[in-house]
Amino acid sequence: MKRGFSRLLAALTISLLVMVLVAGCGGQKKESAPSEGKKAEGKEPIKFGVIVPLSGSQAILGEEMERGAKIAVKQVNDAGGIMGRPVELVIRDTKANPDTGVAVARELLSQGINMYFGVASSAVALAVSPLMEKEKGVIITTAAHSDRLTHQNFNKHYFRITDNPYMRERAMAKLMAERYPNTTKWGCIIPDHEYGRSTWDNFEAGLKKYYPEIAKKELEIVSVQRAPYGATDYKNFITAVLNSKAKGVFTSEYGGDAVTMFRQAVPYAFFDKIDVMVDSANEFLVPKAMGNMTPPHWIGTHWYYEAYKDSPMAKKVYDEYVKEYKDKYPTGWVGEAHSALMAYKAAIEKAKATDTDAVIKALEGLTFDSVSGKRTIRAEDHQTIKDVNIIHVVPVKEEPGWKVDEFKVYKGDDLIEPPSPGKPLKLE
């Protein structure tokens, strides 16, 4: 009897434990099904890979992209995320090196991250873009300006959120013909790689188009200087341009390389011996480095905040940047990283999905709000149609030693080339 009673007691105990466990599990399920208004609390974050240069001579570009991305994420999450899901960034350093860029992209792809933005170097973009096609990811670049990315090397997994060399350099060449009609001898100092060649080819084509049309003058290219990437000594290139008697000079050296070149040109009175200097893309990097030694020059920029001070979105980004980083001069790379996430947000909400094919389809032809107004991503070649901003800086005695005394805005619709994905760009 004692053995029978013990067995009965054990059976009852086990039954009671099972009932408690089932009840506990049932209660958890009920609690984990939140109401419609609380969905974000229990949802997995949407992760974006941010691959940018954070070391080496291009680190100053990548740092600004990282800042713009973080501001965008904060704003998106403060507003409830994307489709109720929080957004998370996974950031990696490309070192502006194609092999490193591919390696960090592979790492993040292996973690299941399928959406990316960033990249400063065209060489890195050209290496990463085919990887995205192969591994079913999608990338939006926030600086890379090679023509090939949206022309002969185009694939549907790549998008460019910025203007391109055709648009940017056409605008700058047009401005030169308008403002400096008598400056007909031109030279350049460019990096001898994809980006440098793309920018100069487009600027030269623009000069040859607009000087006869606007200035009614023929121009002469008297010196083309191609410097190795990462050069530390530009003296021979500087003296070659001066010896050519060029009066207009174009450069697309960028990041730390541009700062080095500008500084080395000062002892040669370089900027006193020419009429105008055109910097394709360095934003405020040279003025910030040189202070009151900054020479007067025109600069192409992705986004100049003063041109959009009436935009609530631009004002909010500017104010948050100044508050967070104690810097009154955000570069355009801040705006482009912010715009990339805004494009993804709009596309995901349009597609109601985050898988690669759905996001690509939603990005194609997408019109969305950005810090520089409405932008449209062209469906045919994934090139964004947006404003081109150009600023003019001059030295001043007051801090920080320079100022923007003028800016120009050219509409992208008026400048962009016809789409030709899979084919080389035709320069006319």
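Just above sits the structure.
Rules used throughout
Residues numbered from 1 in each chain as written. Predicted model: local features only at pLDDT ≥ 70, side-chain atom pairs only at ≥ 80, totals over all residues. Heavy atoms only, no water. Buried < 20%, exposed > 50% of the residue type's maximum accessible area, 1.4 Å probe, protein only. Helix = DSSP H or I, 4+ residues; strand = E, 2+ residues; numbered from the N terminus. Pairing = 2+ DSSP bridges. Right-handed = clockwise from strand over helix to strand, strands pointing away. Axes fitted to C-alpha atoms, helices over the stretch in contact; angles between N-to-C directions. Parallel < 35°, antiparallel > 145°, perpendicular 65-115°, else oblique. Left-handed = near helix turned anticlockwise from the far one by under 90°. Contact = heavy atoms within 4.5 Å. Nonpolar A, V, L, I, M, F, W, Y, C, P; charged D, E, K, R; others polar. Phe/Tyr/Trp six-rings, centres within 6.5 Å; stacked < 30°, edge-to-face > 60°. Expected span 1.5 Å × (residues − 1). Salt bridge = Lys/Arg side-chain N within 4 Å of Asp/Glu carboxyl O.

Peer 1: Is there a simple way to explain the pairing of strand β8 (residues 248-251) in this structure?
Peer 2: The two faces of the sheet receive side chains in turn, since in a regular strand these alternate between them. Of the two faces of β8, both are covered, the one formed by Gly 248 and Phe 250 as well as the one formed by Val 249 and Thr 251. Relative to β8, strand β6 (residues 185-191) runs parallel, the two sharing four bridges. Considered in β8, the bridge of Cys 188 is made with Phe 250. In the sheet, β8 pairs with strand β9 (residues 276-279) via four bridges, with the strands oriented parallel. Among the inter-strand pairings, Gly 248 is bridged to a residue of β9, identified as Val 276. In this fold, the crossover linking β8 to β9 by way of helix α8 (residues 256-265) has right-handed handedness.

Peer 1: Please explain the sheet that holds strand β11 (residues 367-370) as it appears in this structure.
Peer 2: Within a sheet, each strand pairs with its neighbour through backbone hydrogen bonds, oriented either parallel or antiparallel. Overall, antiparallel pairing links the three strands, which are arranged β11-β12-β13 in an open sheet. Among the strands making up the open sheet, the edge pair consists of β11 and β13 (384-385). Sheet analysis places β11 next to strand β12 (residues 373-377), joined by four bridges and oriented antiparallel. Within β12, the position partnered with Asp 369 by the bridge is Lys 374.

Peer 1: Help me understand the packing of helix α2 (residues 59-78) against helix α10 (residues 312-325) in this model?
Peer 2: Axes are the key here: two packed helices are described by the angle between their axes and the distance separating the axes. Viewed as axis vectors pointing N to C, α2 and α10 meet at an angle of 115°, and their least axial separation amounts to 10 Å. With respect to each other, α2 and α10 are oriented roughly perpendicular. Between α2 and α10 lies a crossing whose hand is right-handed. Two secondary-structure elements touch here, α2 through Glu 64, Arg 67, Lys 70, Ile 71, Lys 74 and Gln 75 and α10 through Lys 316, Val 317, Glu 320, Tyr 321 and Tyr 325. Grouping the constituent residues of the contact of α2 with α10 by class yields four nonpolar, one polar and six charged.

Peer 1: Whenever I open this one, the packing of aromatic side chains confuses me. Can you help?
Peer 2: For any pair of aromatic rings, the description consists of the separation of the ring centres together with the inter-plane angle of the planes. Considering all chains together, one arrives at 21 aromatic pairs under this definition. Judged by centre distance (6.3 Å) and plane angle (65°), the ring pair of Phe 284 and Tyr 304 falls under edge-to-face. One end of the pair, Phe 284, is in the loop between β9 and α9 (285-290); the other, Tyr 304, is in the loop between β10 (297-301) and α10, with 20 residues separating them in the sequence. In this pair, the class of Phe 284 matches that of Tyr 304, namely buried. One aromatic cluster is present, built from ring pairs that chain together Phe 284, Trp 303, Tyr 304, Tyr 305, Tyr 318, Tyr 329, Trp 402 and Phe 407.

Peer 1: For this particular structure, what's the right way to read helix α11 (residues 332-351)?
Peer 2: Residues lying three or four places apart along an α-helix face the same way, a consequence of the helix completing one turn every 3.6 residues. Under the 1.5 Å per step criterion, the end-to-end length of α11 is 28 Å for 20 residues, consistent within 8% with the ideal 28 Å. With respect to burial, α11 is a largely interior element, 15 of its 20 residues being buried. Residue Lys 352 follows α11 closely and has a positive phi angle near 55°.

Peer 1: For this particular structure, what's the right way to read the pattern of salt bridges?
Peer 2: Side-chain pairing between opposite charges can occur once the charged atoms of the two side chains come close. Overall, the coordinates contain 20 salt bridges when judged by the stated rule. The salt bridge partner of Lys 374 is Asp 369, with a shortest N-O separation of 3.0 Å. Overall, Asp 369 belongs to the partly exposed group, its relative accessible area being 41%. A salt bridge links Asp 381 to Arg 378; its shortest N-O distance comes to 2.7 Å. Assessed through its relative accessible area of 10%, Arg 378 is described here as buried. Within this structure, Glu 63, Glu 64 and Arg 67 form a network of salt bridges that share partners.

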